[in-house]
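Listed below, chain by chain, are the residues.
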Amino acid sequence: DAGVIQSPRHEVTEMGQEVTLRCKPISGHNSLFWYRQTMMRGLELLIYFNNNVPIDDSGMPEDRFSAKMPNASFSTLKIQPSEPRDSAVYFCASRIGTGESDTQYFGPGTRLTVL
Amino acid sequence: RKEVEQDPGPFNVPEGATVAFNCTYSNSASQSFFWYRQDCRKEPKLLMSVYSSGNEDGRFTAQLNRASQYISLLIRDSKLSDSATYLCVVNKSGYKLSFGAGTTVTVRA
């Protein structure tokens, strides 16, 4: 079975450019999460969708970040304009339920470098 | 204070050794606890859930101490393939997971 799919796997861009990260959750999963991982801050939740609706975006750093989930099989995380401090690994994760014990499955991540 | 704190290590152990490490969490109302494993430049993957009574999964044993708010992981008969970073994860509420910074384990031949 296919896991969570993310693209691109690596992105190098220049400061000020727009960056769009893409995620396809596991089929049948109704919850989707975007995380950011850095050495300094570890793994941080950016935004959580349930049934395609954003439930919690309190982790989104600032207005330069936006996320959408137009349907159950696709989500995007956009950074506009990008800054060097946005350099990190961005993970998308999905899970089938909403219970505390439901496992989150992570995608392989997008390694973003902003020069 | 961080929500989940871990000894970053690294723990360098020979093959066959036993290694154990803990993490502490700050929210006494937390209900669910997990250990995730993350290999270098890979995504985190669930290793095991942690139950109040303690639980084993092969060579891995997890313990939860609610009174002291700590979770432990013990790896017996370490293999080279156990080399990874182990993330302590606490479920704050429903969907929100708090991740520790990770404990790095290196098993040497």
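A brief look at the structure comes next. (Residues numbered from 1 in each chain as written. Chains lettered and ligands numbered in written order. Predicted model: local features only at pLDDT ≥ 70, side-chain atom pairs only at ≥ 80, totals over all residues. Heavy atoms only, no water.)

## A short note on the sheet that holds strand β1 (residues 4–6) of chain B
Residues and elements named next belong to chain B.
And step 1. Strands sit in the order β1-β3-β8-β7-β6 across an open sheet of 5 strands; the sheet is antiparallel. This sheet does not close on itself; its edge strands, each paired only once, are β1 and β6 (55–57). For this sheet the average axis-to-axis angle between neighbouring strands, irrespective of direction, equals 20°.
And step 2. Of the pairings in the sheet, the one linking β6 to strand β7 (residues 60–65) comprises 3 bridges and is antiparallel in character. Pairing of Asn55 across the sheet is with Ala62, part of β7. (Pairing = 2+ DSSP bridges. Helix = DSSP H or I, 4+ residues; strand = E, 2+ residues; numbered from the N terminus. Axes fitted to C-alpha atoms, helices over the stretch in contact; angles between N-to-C directions.)

## With respect to the interface of chain A and chain B
And step 1. The partner chain B presents 18 residues to the 20 residues of chain A that form the contact.
And step 2. Between chain A and chain B, roughly 1,600 Å² of surface is buried when both sides are summed, and carbon and sulfur atoms account for 53% of that area.
And step 3. For the interface between chain A and chain B, the tally reads 1 salt bridge.
And step 4. Of the charged contacts in the structure, one is a salt bridge between Asp56(A) and Lys96(B), with a shortest N-O distance of 3.0 Å.
And step 5. Counting across the chain A and chain B interface gives 5 residue pairs in polar contact (both at pLDDT 80 or more).
And step 6. Going through the elements one at a time, β4 (31–38), β5 (42–50) and β9 (88–95) of chain A are the ones with two or more residues in the side of chain A that touches chain B. (Contact = heavy atoms within 4.5 Å. Buried area = accessible area lost by both parts, 1.4 Å probe. Salt bridge = Lys/Arg side-chain N within 4 Å of Asp/Glu carboxyl O. Polar contact = N/O pair within 3.5 Å; in protein donor to acceptor, adjacent residues only side chain to side chain.)

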